[in-house]
Amino acid sequence: MSRLIVDYFTKLQRHYKVLEKTRQKVEYLFNKKLLTKTEVEQTYGTLFTNAVIGFEHFIEELFFDLLTDRLKYNKIKPLVIFKNESIAYNIILGTNSYINWLPYDYTERYADIYFKEGLPFKSITPQDKTMLKKASYIRNALVHRSRFSYSKYEKNVLCNLPLASKEKSPEKFLRGIFTTPSKTRFEIYVEEIASIAQKICT
């Protein structure tokens, strides 16, 4: 049975549901005093990193399946069809060590080269791209732990938010409550990323 474009979003959505169940379980264990605050915050960082990696995998899988004719969709016109994913990957990779999909500007550049009008990857809004850029800054600060990655996170994510110093680390930021009824920033970001993936598949 051939895949539908919506299947790619559904797969990502399932992954995010697993992450959310894990987040809820960790908070439950914390409330039962079975985990420390530091352990919970570290878990938030790990879960968010997995959420961003999941989105990158979603983009990569969809991109190469379209370029190799494993997925056909009448609204999408690849400008070239490759015999297999290995050939496509190596040509797009060029002399680089790996393919960057985020910040999303990278994805759009590839889309402009290989798809008519860059679709479906150029169907998101400037606000969506800003959200993805912030998500990549948070992920980089979590993973790389360098002065450069943290300064990018501080400048582009924290900006002028009225946060106490002890609330500014990426882990604490993600666990912080953002809306009423209460939702963490982690939940908001993951919901927004899922919404962007859905737009790409619509």
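Data block above holds the structure.
Residues numbered from 1 in each chain as written. Predicted model: local features only at pLDDT ≥ 70, side-chain atom pairs only at ≥ 80, totals over all residues. Heavy atoms only, no water.

## Some details on the overall build of the chain
What the chain contains, in helices and strands, is eight helices and two strands. Along the chain direction, N to C, the helices and strands of the chain fall in the order α-α-α-α-α-α-α-β-β-α. Over its C-alpha trace the chain gives a radius of gyration of 18 Å, about what one expects of a compact globule, namely 17 Å for 202 residues. In terms of its C-alpha atoms, the chain occupies a principal-axis envelope of roughly 55 × 40 × 30 Å. Expressed as a percentage of its 202 residues, the buried residues of the chain come to 43%. The contacts of the chain with a sequence gap of at least 6 include a subset with a gap of at least 24, amounting to 63%. In the form shown here, the chain has an accessible surface area of approximately 11,700 Å², with 53% of it arising from carbon and sulfur atoms. In the chain, which carries 33 positive and 22 negative side-chain charges, the distance between the mean positions of the two groups comes to 2 Å. (Helix = DSSP H or I, 4+ residues; strand = E, 2+ residues; numbered from the N terminus. Rg over C-alpha atoms; globule rule 2.2 N^0.38 Å. Buried < 20%, exposed > 50% of the residue type's maximum accessible area, 1.4 Å probe, protein only. Contact = heavy atoms within 4.5 Å. Areas by Shrake-Rupley, 256 points an atom, 1.4 Å probe, with all protein chains shown as cover. Lys, Arg positive; Asp, Glu negative; His and termini not counted. Charge placed at Lys NZ, Arg CZ, Asp CG, Glu CD.)

## A word on the nonpolar core
Counting residues in each nonpolar core, the largest one holds 59 residues, and the members touching the most others are Phe55, Phe58, Leu62, Phe121 and Ile200. At the level of secondary structure, the elements contributing two or more residues to this core comprise helix H1 (5-31), helix H2 (37-67), helix H3 (85-93), helix H4 (105-114), helix H5 (126-144), helix H6 (147-158), helix H7 (170-175) and helix H8 (185-200). With 14 residues, the single largest contributor to this core is H2. The residues contacting Phe121, other than those within four sequence positions of it, are Ile59, Leu62, Phe63, Leu66, Tyr104, Thr107, Glu108, Ala111, Phe115 and Ile200. (Core = buried A, V, L, I, M, F, W, Y, C linked by side-chain atoms within 4.5 Å.)

## Here's the deal with the side chain of Ser149
Its place among the elements puts Ser149 in helix H6. With residues near it in sequence (within four places) discarded, Ser149 still touches Asn140, Ala141 and His144.

## A closer look at the packing of H1 against H2
The packing of two helices is summarised by the inter-axis angle and the distance between the axes. Packing of H1 against H2 brings their axes to within 10 Å, and their N-to-C directions diverge by 175°. Put simply, H1 runs roughly antiparallel to H2. (Axes fitted to C-alpha atoms, helices over the stretch in contact; angles between N-to-C directions. Parallel < 35°, antiparallel > 145°, perpendicular 65-115°, else oblique.)

## Comments concerning the packing of H2 against H8
Two elements in contact, H2 and H8, have axes whose closest approach is 11 Å; the angle formed by their N-to-C orientations is 5°. By the angle class used here, H2 and H8 are roughly parallel. Listed contacts from H8 to Tyr44, Leu47, Phe48, Ala51, Phe55, Phe58, Ile59 and Leu62 of H2 are Phe186, Tyr189, Val190, Ile193, Ile196, Ala197 and Ile200. Here the contact of H2 with H8 is composed, by residue class, of 15 nonpolar, no polar and no charged. (Nonpolar A, V, L, I, M, F, W, Y, C, P; charged D, E, K, R; others polar.)

## Regarding the packing of aromatic side chains
Counted under the stated rule, the structure contains 18 aromatic pairs. Each ring, one from Phe173 and one from Tyr189, has its centre 6.4 Å from the other, and the planes form 65°; the classification is edge-to-face. Of this pair, Phe173 sits in helix H7 while Tyr189 sits in helix H8; the two residues are 16 residues apart in sequence, bridging distant segments of the chain. Judged on exposure class, the residue Phe173 and its partner Tyr189 are both buried. What links up through ring pairs into an aromatic cluster is the set Phe63, Phe64, Phe82, Tyr89, Trp101, Tyr110, Tyr114, Phe115 and Phe121. Directly above the aromatic system of Phe30 lies the positively charged group of Arg175, at a separation of 4.7 Å from the ring centroid. (Phe/Tyr/Trp six-rings, centres within 6.5 Å; stacked < 30°, edge-to-face > 60°. Lys NZ or Arg CZ within 6 Å of the ring centre and 35° of its normal.)

## Quick notes on the side chain of Arg185
With respect to the helices and strands, the residue Arg185 is situated in helix H8. No salt bridge is formed by the buried Arg185. Its closest oppositely charged neighbour is Glu167, at 6.6 Å. Once residues within four sequence positions are removed from consideration, Arg185 is found in contact with Leu163, Phe173, Leu174, Gly176, Ile177 and Phe178. (Salt bridge = Lys/Arg side-chain N within 4 Å of Asp/Glu carboxyl O.)

All we've got here are geometric facts, nothing functional implied.
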